[in-house]
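Each chain, letter by letter, is given below.
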Protein chains: 2
Amino acid sequence: MIPEKMLEVLNYEGVISIVTQGPDGPHVANTWNSYIIIKANERLLIPAGRMNKTENNIKGDSRVLLTLGSREVEGFHSMGTGFLITGTGEFMHNGGEYDEVKKRFPWIRAALVITPASITQTL
Amino acid sequence: MIPEKMLEVLNYEGVISIVTQGPDGPHVANTWNSYIIIKANERLLIPAGRMNKTENNIKGDSRVLLTLGSREVEGFHSMGTGFLITGTGEFMHNGGEYDEVKKRFPWIRAALVITPASITQTL
């Protein structure tokens, strides 16, 4: 289900946006392409250094939107492509997924685990 | 009000996320760092090829969140910095701002004009 082209994008550095629904409107947090860990079960693991507002929002509405892209990978019409991932998020403060992220990023306070529902190439 | 470091980020290519509030939750559209035009009055002009959902959302709630960043510019703790822009958006289908964007990006159907309310360095 994870498109080959999305894996290609993740070979390049870039900003990932993580959008959640808060009581006062949308909230957006960021991470880097190089920080994301994709598991064989297609869950995405993201190190959370702060992301307190994202965590609070997810408690109220677990739906998450992620966008990522790279100008270095060919899109539909020209160079540059991006993906929109919809899914649900959960903050892990212990357990195997947390440990895996903690090992690579010792500064985390939690691991944000995304379970994708859809992945769409947007351009 | 536009931070020097944000202008520095825009010298590098990357994905910009444009977040709006829709009736069913947040929506996110994307553009590229190299596509944004910053005017002397600090309004940001963005070419809109499609962005139909973003335009519809803005009709109901004009608040917009933008994030942008680059791993090539130094942040608070290490290489890599990003900015969160809050503000309001408006789609222009004619007029001076539209013409300026259309000249550079002939494929646009509209210009998305952002009036920033706050610009925060996030990392």
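What you see is a predicted model; the values in this text were computed from it and never measured.

1. Comments concerning the relation of the copies chain B and chain A
No. 1: For the pair chain B and chain A, the best superposition has an RMSD of 0.0 Å and corresponds to a rotation of 180° with a translation of 0.0 Å parallel to the axis. Such values leave the two copies arranged in the relation of a two-fold axis.
No. 2: Both copies contact each other with a shared surface, as 100% of the interface residues of chain B are interface residues in chain A too.

2. Thoughts on the interface of chain B and chain A
No. 1: Between chain B and chain A, the contact holds 27 residues from the first and 27 residues from the second.
No. 2: Buried surface at the junction of chain B and chain A, summed over both partners, amounts to about 2100 Å²; 58% is from carbon and sulfur atoms.
No. 3: When the buried surface of chain B facing chain A is broken down by residue, P26(B), W32(B) and R71(B) rank first, second and third, together holding 28% of it.
No. 4: The tally of links from chain B across to chain A stands at two salt bridges.
No. 5: Inspection of the region where chain B meets chain A yields 14 residue pairs in polar contact (both at pLDDT 80 or more).
No. 6: The set of elements that each furnish at least two residues to the side of chain B that touches chain A consists of β1 (15–22), β2 (25–32), β5 (63–74) and β6 (79–92) of chain B.

3. What about the pattern of salt bridges?
No. 1: Evaluated as defined, the whole model comprises ten salt bridges over all chains.
No. 2: One salt bridge connects R71(A) with E13(B), and the closest N-O pair in it is separated by 2.5 Å. Of this pair, R71(A) sits in strand β5 (residues 63–74) while E13(B) sits in the loop between α1 (4–9) and β1, which puts the two residues in different chains.
No. 3: Of the residues examined, R71(A) reaches a relative accessible area of 25% and is grouped as partly exposed.
No. 4: Taking relative accessible area as the criterion, E13(B) reaches 30% and is therefore assigned partly exposed.

4. Focus on the sheet that holds strand β7 (residues 110–121) of chain B
All names here are of chain B.
No. 1: Read from one edge to the other, the open sheet built from seven strands follows the order β2-β1-β5-β6-β7-β4-β3, with strand pairing classed as antiparallel. Because the sheet does not close on itself, it has two edges, and the strands there are β2 and β3 (37–38).
No. 2: Relative to strand β4 (residues 44–48), β3 runs antiparallel, the two being bridged by two bridges. Across the sheet, I37 pairs through a bridge with L45, a residue of β4.
No. 3: Contacts from helix α2 (residues 52–60) reach β1, β2, β5, β6 and β7, with the element oriented near 45° to β1.

Quick notes on the rules
- Residue numbers restart at each chain and count upward from 1, following the sequence in its written direction.
- Written order determines the labels here, with chains lettered from A and ligands numbered from 1.
- In keeping with the predicted nature of the model, local features appear solely for residues at pLDDT of at least 70, side-chain atom pairs appear and are counted solely at 80 or more, and the whole-chain, interface and lining totals rest on all residues.
- Heavy atoms throughout the structure, all of them, feed into the side-chain values; hydrogens and water do not.
- The atoms used to superpose the copies are C-alpha atoms, taken from residues with pLDDT of at least 70 in both, and the fit is least squares.
- Contact criterion: two residues are considered in contact whenever any of their non-hydrogen atoms come within 4.5 Å of each other.
- As used here, buried area is the combined drop in accessible area, with a 1.4 Å probe, of two parts when they are placed together.
- By definition here, a salt bridge exists when the distance from a side-chain nitrogen of Lys or Arg to a carboxyl oxygen of Asp or Glu is within 4 Å.
- Throughout this description, a polar contact denotes any pair of N or O atoms lying within 3.5 Å of each other; where both atoms belong to protein, one of them has to be capable of donating a hydrogen while the other can accept it, and for residues adjacent in sequence the pair is counted only when both atoms sit in side chains.
- Runs of E in the DSSP output that reach at least two residues are strands. Runs of H or I that reach at least four are helices, and both are numbered from the N terminus.
- For the exposure calls, accessible area comes from a 1.4 Å probe over protein chains only, and a residue counts as buried if that area is under 20% of its type's maximum, exposed if over 50%, partly exposed in between.
- Note: two strands are recorded as paired if DSSP finds a minimum of 2 bridges between them.
- Lines fitted to C-alpha atoms define the axes, with helix axes restricted to the stretch in contact, and inter-axis angles between N-to-C directions lie between 0 and 180 degrees.

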